Amino acid sequence: MPQPVGRRARQRERAGRKQAPASGQPDPAFDRMFHASPYFVFSIDERGRLLAFNQHADARLGPLEPQMQATALYAAWMLPMLQNEALPTARVRGYWRGEVALQGRDGSSHSVAQTIEWRPSAQPPCFLCLAYPTDDYDVYESRLRFKYLFEAHPQPMWVYDLASLRFLVVNAAAVAQYGYTEAEFMQMTIRDIRPPEELERLADNLAAAPIKGPEQAGTWTHMRRDGSRFQVEISSHSVTLSGHPGRLVFAHDISERTRLAAALHASRELKQLVINHIPHQIFWKGLDGAYIGCNSVFARFAGLNSNAEVVGKRETDLPWARNADAIRADDQAVIATGQPRLNYEERMTQADGAVRWYLINKLPFHDQQGRIIGVLGTIEDITDRKQAELTLQLRGRALEASVNAIVITTRGADGERIEYANPAFSRLFGHAPSAVLGRQLETLLGQHQDEQRQALNAAMQSHQEVTLLLRTSHRDGTPLWTQLHVAPVSAGDDAIDHHVCVLTDMTAIIDYQAQLEHQANHDALTGLPNRALLNDRMAQAVTFSQRFNHSLWLLFIDLDNFKLINDSLGHAAGDQLLCTIATRLLACANEGDTVARLGGDEFLLLLPVADQRPMAGLLQLVQEAVAAPVMLERQQVTVTCSIGISVYPDDGADPEQLLKHADIAMYRAKEAGRNQVQFYEEAMHARIAERALIEAELRHALAREQLHLVYQPKLDLHSGVLTGMEALLRWQHPTLGMVSPARFIGVAEETGLIVAIGRWVLRTACAQTKAWQREGLGPLRVAVNLSARQFTDQALIAEVRAALDDSGLDPHCLDLELTESMMMHNVELAVAASHNLKQLGIALSIDDFGTGYSSLAYLKQFPVDYLKIDQSFVREMLDEPKVAAIVRSVLTLGHSLGFKVVAEGVETEPQLDYLRQQGCDEIQGYYFSRPLAPDAFAALLRQRP
């Protein structure tokens, strides 16, 4: 690039100066290698001072001087990374590589890819810093020029072609390390330096490697020409060399480091284990079950004179040979699962028939790569301890195992003191066992009533067994109901010196009545009043309103699209949402109001004295509270609600009528578009009746073969070829006649019938399309609409695959149409589902595009093939300039993202001409053809050339 005269003069002046190390003497090797390099090269000593630099660095960053702080060469924001990451990493690993920003003294900034190498053998030890502009680092037109850049590098380096994996260029270090000549390298691929067992891993790595940018590929085993193997650490960066996309690879030999690490690992593990387990038997075996080592205690137990005699022996060679199969099975379980078996007790029969108990620990024994190479174990003889434990266990088992709290008290000069308490007592009252002994029983029972205290004292003085029911408390203050049975123990001279006290927790039984009453009147999930309690509250509210002449409002609240959330995020998330909404509704209510849940996603809000309250503000508050975002499964979800309202006394004089009319009003709010409020009106009865009729008849329509498909052709605007058709559902009812999709599709969605109907539509459309193809009527592509419920159905992928397989239709001949609002409801799940569908090889379309709320940031994530312009835009685009602008924008957007654009509802020739002029790809609409029955569509196909 041409430069100003003044700048070239300064560069010639700087180029004449010799660069020197910290001693002030020239460094011929540095100068000879890097003086004329067109890239930044400099070295830094351990104190961070500049030792040497080449002409290019001095010209672009200088003027530079030896011994100046190297931090002056970097942008200020780069210094923490340089000091805390780059230099320490280079010192530990031998090198560091990354992208940094260099800064010249004149304030200029240079974005570069820099390699920092630690050279401990240099005098003095230093960091060699080589930096390449990021725009030069990726693309090289000349292999020779590229080779000169790293030929003298001490580490093996090469570039391979991404397509063929052949070496394009290698440096001298690679030739020396691998033993191949440079000419031989040029005939090889990177597979040829890998052992056979790593080729599959190599293929996986190549498939997952980024096309552009750097990659740290980790540790690999490579092979030299003589067959010897060594460990290398591989890193790479994308380059383009002589027009070939490839990767520049750095191979750092870590064989010695790996060997030292393995030795250190084995030494530390074995020594630590031996130190930790010296008092017990210690052994370690190989995968084949043969002992490979032990301690002296184990050798003596095996009847051998030294540890060395144990090596190579198996269980069958030792005194416990009769248990060999069980021991081997136990070892194999540890090896197979990789899980240790700790502190398990084993009974073993000796050769003389004696039975001994042992405490055994077995752990998987790992090498330095973490692979299991055997079993480590310790053995402790616990026979004496087991005998003592058994004796104590037999004596105390009855008391310890009792589910009732048992206390033994002894009588002293200052009253009854606890001598023993079983674990059940500690569980019941929360007192630690050590804190119970020596205490008075009444102080631990939380006695606060004089009457109960006197009854307890009388029982302790009695010579007869006494049973009491006491109101006690847990240590944390939790109230308890306890039945106390006191049995005196005589000392033999008719004097009582001990009492056995058995305490039974009666809290659950006594509280059960209250719990049953609460459960009978409240929702188990949200804790809100249920229908039974609501009916009682409504009856009271109606009576109050009648007496004092007040109005009463009943709000029937139903969450919109709750099933979609339940199906997509799971029932646990749905329950969490219901609890959140319940809490928010309670916050909206005043004292005296009732918030209830009827079940599912239906809530009721009972508002007495409504004529004296700002009800409009309350309704808005309820809608805003419900619509506030909720975090479910780490996703932010927004849900709206439809509200139906009935008012006393206008809409009913009793609770049953009010509830029925509020329900009807709520359904009207659903039909009107959801997320709104509807007051009850008499005319709503007719609409509800029709909806009930449609639902009842629709449930049998498929079985009675009342449903059929019609097909609307699609036309390629450029060639005039009929490219396919959209399958449209129709319902011919014997008494209702032709039922409009607008009347029954919404009902099918709400009831879930759309899943079975949609499955039938998909299979029928695929079968019909394949039949037309067999008749030679062209390679048609059929479009089938997916409902929101189908899209979230877990069985969708299997159903689409089955429809294709059963019909024999090629996947590329099927186009599934998804509505824009459906895909935007939960973008992450929609993107994942779209990709899963796309893997079947089918096409995907976004239907009614422009009517939803698409985000361009999300749109590019969807693997769709077509955008369909909604017919409302096509209808108005010639009359409304703003609508025409929207159409042009959709066409431009779709084409820029690689989508084809289809216009729906084309009905006139001017519309067709405008769309053709704006570059629309395909159209469908009445101008070309109405939806046709299968026979009529086939006839149309036969007429087309």
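Residues numbered from 1 in each chain as written. Predicted model: local features only at pLDDT ≥ 70, side-chain atom pairs only at ≥ 80, totals over all residues. Heavy atoms only, no water.

(A) The overall build of the protein chain, seen in detail. The helix and strand tally for the protein chain stands at 36 helices and 37 strands. Seen through its principal axes, the protein chain has C-alpha atoms that stretch 110 × 105 × 65 Å. In the protein chain, which comprises 945 residues, the share counted as buried stands at 46%. Considering only contacts within the protein chain whose residues lie at least 6 apart along the sequence, 54% involve residues at least 24 apart. For the protein chain, the accessible area works out to roughly 46,700 Å², and carbon and sulfur atoms hold 53% of it. Charge centroids of the protein chain, computed over 91 positive and 113 negative side chains, lie 8 Å from each other. (Helix = DSSP H or I, 4+ residues; strand = E, 2+ residues; numbered from the N terminus. Buried < 20%, exposed > 50% of the residue type's maximum accessible area, 1.4 Å probe, protein only. Contact = heavy atoms within 4.5 Å. Areas by Shrake-Rupley, 256 points an atom, 1.4 Å probe, with all protein chains shown as cover. Lys, Arg positive; Asp, Glu negative; His and termini not counted. Charge placed at Lys NZ, Arg CZ, Asp CG, Glu CD.)

(B) Structural view of the packing of aromatic side chains. Counted according to the given criterion, the structure contains 23 aromatic pairs. Ring centres of Y180 and F185 lie 5.5 Å apart, and the angle between their planes is 65°; on these two criteria the pair is classed as edge-to-face. These aromatic residues form a ring-pair network of at least three members: W158, F167, Y178, Y180, F185 and F230. If you follow R201 out to its NZ or CZ, it ends over the ring of W220, 3.7 Å from the centre. Positioned over the ring face of Y344 is R341, at 3.8 Å from the centre of the ring. (Phe/Tyr/Trp six-rings, centres within 6.5 Å; stacked < 30°, edge-to-face > 60°. Lys NZ or Arg CZ within 6 Å of the ring centre and 35° of its normal.)

(C) Quick peek at the environment of T221. Take T221: it is sitting in strand 9 (residues 214-223). Residue T221 is classed as buried on the basis of its relative accessible area of 13%. Counting along the chain gives 595 residues from T221 to L816, while the straight-line C-alpha distance between them is 48 Å. Among all residues touching T221, those that are not within four sequence positions of it are I193, R194, P195, E198, R229, F230 and Q231. A distance of 2.8 Å separates the side chain of T221 from the side chain of Q231, its partner in a polar contact. (Polar contact = N/O pair within 3.5 Å; in protein donor to acceptor, adjacent residues only side chain to side chain.)

(D) View of unusual backbone geometry. Cis peptide bonds are those with omega within 30 degrees of zero, and the linkage from G62 to P63 qualifies with 10°. Of note, P63 is situated in the loop between helix 3 (55-61) and helix 4 (79-93). Of note, the bond from Q123 into P124 is cis; its omega dihedral lies within 30 degrees of zero at -5°. If you check the backbone angles, E633 has positive phi at about 50° while not being a glycine.

(E) Main features of the sheet that holds strand 14 (residues 341-349). Read across the sheet, 5 strands follow the order 13-12-16-15-14 without closing on themselves; strand pairing throughout is antiparallel. Of all the strands in the sheet, the pair left with one neighbour each is strand 13 (291-294) and strand 14. Between one strand axis and the next, the sheet turns by 30° as a mean value, whatever way the strands run. Bridging between strand 14 and strand 15 (residues 355-366) involves 7 bridges; their strand directions are antiparallel. Across the sheet, R341 pairs through a bridge with K362, a residue of strand 15. The strands that helix 13 (residues 324-337) touches are strand 12 (281-286), strand 14, strand 15 and strand 16 (372-381); relative to strand 15, the one it contacts most, it runs at about 30°. In the packing of helix 14 (residues 383-401) onto the sheet, the strands contacted are strand 14, strand 15 and strand 16, and the crossing angle to strand 15 comes to about 120°. (Pairing = 2+ DSSP bridges. Axes fitted to C-alpha atoms, helices over the stretch in contact; angles between N-to-C directions.)

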